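Coordinate analysis (summary)
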Amino acid sequence: MQALLASPSLRASLPSARPSLPSRGLVALAAPAARARPLRCGPRDTMEALARDEMLNAVELEQWESGKSANDIAACQGIRIRRHGRPAASMDDIQAEMGAPRNILEKIIWDKEIEVAQGLARCPLNEVIESAGKAPPTRDFYGALAAAHKRNGVPALIAEVKKASPSRGVLRENFDPVEIAQAYEKHGAACLSILTDEKYFQGSFENLQKVRKAGVKCPLLCKEFVVDKWQIYYARVMGADAVLLIAAVLTDLDIKYFLRICKELGLTALIEVHDEREMERVLAINGVQLIGINNRSLETFIVDTSNTKTLLEKHGDAIREKGILVVGESGLFNPDDVAYVQNAGVSAVLVGESLVKQADPGLAIAGLFGKELVH
Ligand SMILES: O=P(O)(O)OC[C@@H](O)[C@@H](O)c1c[nH]c2ccccc12
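Residues numbered from 1 in each chain as written. Predicted model: local features only at pLDDT ≥ 70, side-chain atom pairs only at ≥ 80, totals over all residues. Heavy atoms only, no water.

**Focus: the overall build of the chain**
Helix and strand content of the chain: 19 helices and 10 strands. In the chain, once contacts between residues fewer than 6 apart in sequence are set aside, the share between residues at least 24 apart is 71%. Counting every atom, the chain has about 15,400 Å² of accessible surface; 51% of that belongs to carbon and sulfur. (Helix = DSSP H or I, 4+ residues; strand = E, 2+ residues; numbered from the N terminus. Contact = heavy atoms within 4.5 Å. Areas by Shrake-Rupley, 256 points an atom, 1.4 Å probe, with all protein chains shown as cover.)

**Considering the sheet that holds strand 5 (residues 220-223)**
If you walk around this closed barrel you meet the 8 strands as 1-4-5-6-7-8-9-10, and the pairing is parallel. Taking the axes of each pair of neighbouring strands and ignoring which way they run, one obtains an average angle of 25 degrees across the sheet. Inspection of the sheet shows strand 1 (residues 156-161) paired to strand 10 (residues 348-351) by 4 bridges, in the parallel sense. Paired with A156 across the two strands is A348, which belongs to strand 10. The strands touched by helix 10 (residues 141-152) are strand 1, strand 4 (191-195), strand 5, strand 6 (242-246), strand 7 (268-273), strand 8 (290-294), strand 9 (325-329) and strand 10; relative to strand 1, the strand with the most contacts, the crossing angle is about 125 degrees. Across the face of the sheet, helix 11 (residues 177-186) comes into contact with strand 1 and strand 4 while running at roughly 170 degrees to strand 1. (Pairing = 2+ DSSP bridges. Axes fitted to C-alpha atoms, helices over the stretch in contact; angles between N-to-C directions.)

**Quick look at the packing of helix 11 against helix 12 (residues 205-213)**
Between helix 11 and helix 12, the shortest axis-to-axis distance is 9 Å and the interhelical angle comes to 50 degrees. Comparing the axis directions of helix 11 and helix 12 gives the class oblique. The two elements helix 11 and helix 12 meet at a crossing, and its hand is right-handed. Where helix 11 approaches helix 12, its residues P177, V178 and A181 are matched on the opposing element by N207, K210 and V211. (Parallel < 35°, antiparallel > 145°, perpendicular 65-115°, else oblique. Left-handed = near helix turned anticlockwise from the far one by under 90°.)

**Considering the pattern of salt bridges**
Tallying each qualifying case throughout the model produces 16 salt bridges. Residue E106 pairs with R82 through a salt bridge whose shortest N-O separation is 2.8 Å. A residue pair is termed long-range when its members are at least 10 positions apart, and E106 in helix 8 (residues 104-122) and R82 in the loop between helix 6 (70-76) and helix 7 (91-98) qualify at 24 residues. By relative accessible area, R82 is classed as buried at 16%. Measuring nitrogen to oxygen at the nearest pair gives 2.9 Å for the salt bridge that ties K112 to E115. (Salt bridge = Lys/Arg side-chain N within 4 Å of Asp/Glu carboxyl O. Buried < 20%, exposed > 50% of the residue type's maximum accessible area, 1.4 Å probe, protein only.)

**A closer look at unusual backbone geometry**
Within the chain, F301 stands out as a residue other than glycine whose phi angle is a positive 70 degrees. Relative to the helices and strands, F301 is located in the loop between strand 8 and helix 16 (306-321). Using a relative accessible area of 29% as the deciding quantity, one classes F301 as partly exposed. A positive phi is found at S330, a non-glycine position, where the angle reads about 80 degrees. By the secondary structure assignment, S330 is in the loop between strand 9 and helix 17 (335-344). Residue classification places S330 among the buried residues on the basis of a relative accessible area of 14%.

**A closer look at the site of the ligand**
Contacts to the ligand come from 17 residues, most closely from E160, K162, E272, S330 and G352. Contact distances for the ligand include 3.3 Å between an oxygen atom and a side-chain N or O atom of K223. In this structure, an oxygen atom belonging to the ligand sits 3.0 Å away from a main-chain N or O atom of G331. Within the complex, the protein chains bury 99% of what would otherwise be the 440 Å² of accessible surface of the ligand. For the shell around the ligand, the per-class residue count stands at 6 nonpolar, 4 polar and 7 charged. (Near = heavy atom within 4 Å. Polar contact = N/O pair within 3.5 Å; in protein donor to acceptor, adjacent residues only side chain to side chain. Nonpolar A, V, L, I, M, F, W, Y, C, P; charged D, E, K, R; others polar.)

**Considering the UniProt feature "domain: Indole-3-glycerol phosphate synthase" (unreviewed entry) in the chain**
The positions that UniProt labels "domain: Indole-3-glycerol phosphate synthase" (unreviewed entry) are, in the present scheme, residues 105-366. Across residues 105-366, the secondary structure splits into 47% helix and 17% strand, with the terminal C-alpha atoms separated by 33 Å. (UniProt positions renumbered as here; feature names shortened; annotations may be inferred.)

**Describing the packing of aromatic side chains**
By the definition in use, this model includes 4 aromatic pairs. Taking the centre distance of 4.8 Å and the plane angle of 10 degrees together, the rings of W230 and Y234 count as stacked. With W230 and Y234 both in helix 13 (residues 229-237), this residue pair falls 4 residues apart, about one helical turn. Residue class for Y234 comes out buried when judged on its relative accessible area of 14%. Plain terms: the ring middles of Y257 and F258 are 6.0 Å apart, the flat faces sit at 45 degrees to each other, and that makes the pair tilted. For the residue pair Y257 and F258, the accessibility class agrees, reading buried in each case. An aromatic cluster of three or more residues is present, and its members are F205, W230 and Y234. (Phe/Tyr/Trp six-rings, centres within 6.5 Å; stacked < 30°, edge-to-face > 60°.)

**So, the pairing of strand 6**
When you tally the buried positions in strand 6, you get 5 out of 5 residues, the bulk of the element. Burial of strand 6 is two-sided: the residues A242, L244 and I246 facing one way and the residues V243 and L245 facing the other way are all buried. Bridge count between strand 5 and strand 6: 2 bridges; the pairing is parallel. Of the residues in strand 6, the one forming a bridge with L221 is A242. Between strand 5 and its parallel partner strand 6, the chain crosses via helix 13, and the hand of that crossover is right-handed. (Right-handed = clockwise from strand over helix to strand, strands pointing away.)

**As for the state of the cysteines**
Scanning the entire structure with this criterion turns up 0 disulfides. We note that C218 lacks a disulfide partner, and the nearest cysteine sulfur, in C191, lies 6.5 Å from it. (Disulfide = S-S within 2.5 Å.)

What follows is the structure in structure tokens.
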């Protein structure tokens, strides 16, 4: 943190949402209002800072120099989610230019771009950075998972505080985030995941803060659709120890840049992949500690636990060599499911629905693993 804040040159060059590159959606930015959107800093400064720190490879630099739009660059990396880059525009105007969102994830991201701009207007970046600098130390998310895996002989549990989801609707009517978090902790969860997206998951940053302030000791993952660094600083201020970064949404350069911010803030990044291409991209990035394999496609909602197995059969060796821990995410309901992803090679599991739907989510943990977990 200190290093980041102390470096005026870097600070001056901190990029905006899609930092370094011409904002994604620039193709569609024909409207003067959109073009006039002030950049918080010059892209060239940012690119130079990243290049200086060797965060930028030759291809990325060349793509940027050639004036490609960030959406084009993202598409070259197999990313199907586009950005509109017009947070001040109405959704009608955005759709008039770009057409309707192609899937639910793209829709979530388009709304998130607007939401982040509103957050930035409410809590300006410099203030959030300053508060993050004063926040109490983070807890070791990676260390908690590794220790729990070793101690219990089953994958460590990241238990999710999840009220609803776009695919399953409301999961729990009587939803008290603090009560659920405390029950998870009491019954052996190694870490907790707190959904912060309001519109689609009925979560909130307030829930994250409440759980942290209630004295829960487990490290906390801020489960958010991160598209802008502001969200990372904000998560830190609200009590997160880790943040989720979704490879289906973020370019390689975004991931590298956000990883760097996480490191400066003492946060662990859980980088989520869903397919082969995303796994390859993430394994080529230095400094990755935790990879989540999502068994649910965020574009189609199809859940398939064999996804974890397939990806680990191919990449397990490279992952182990790098000391990366893998988290099996979504669609896990019983001890057989847990054993299946454990045999595939995961060190941890991320579970929401099957716990939160039970009358007592804490007691549900022993049912999920077929045994009690201990701290
Ligand atoms: O409720 P489930 O099927 O146990 O899934 C939990 C978690 O994996 C899921 O909520 C999730 C995984 N990646 C995400 C990204 C955004 C929102 C939610 C998610």
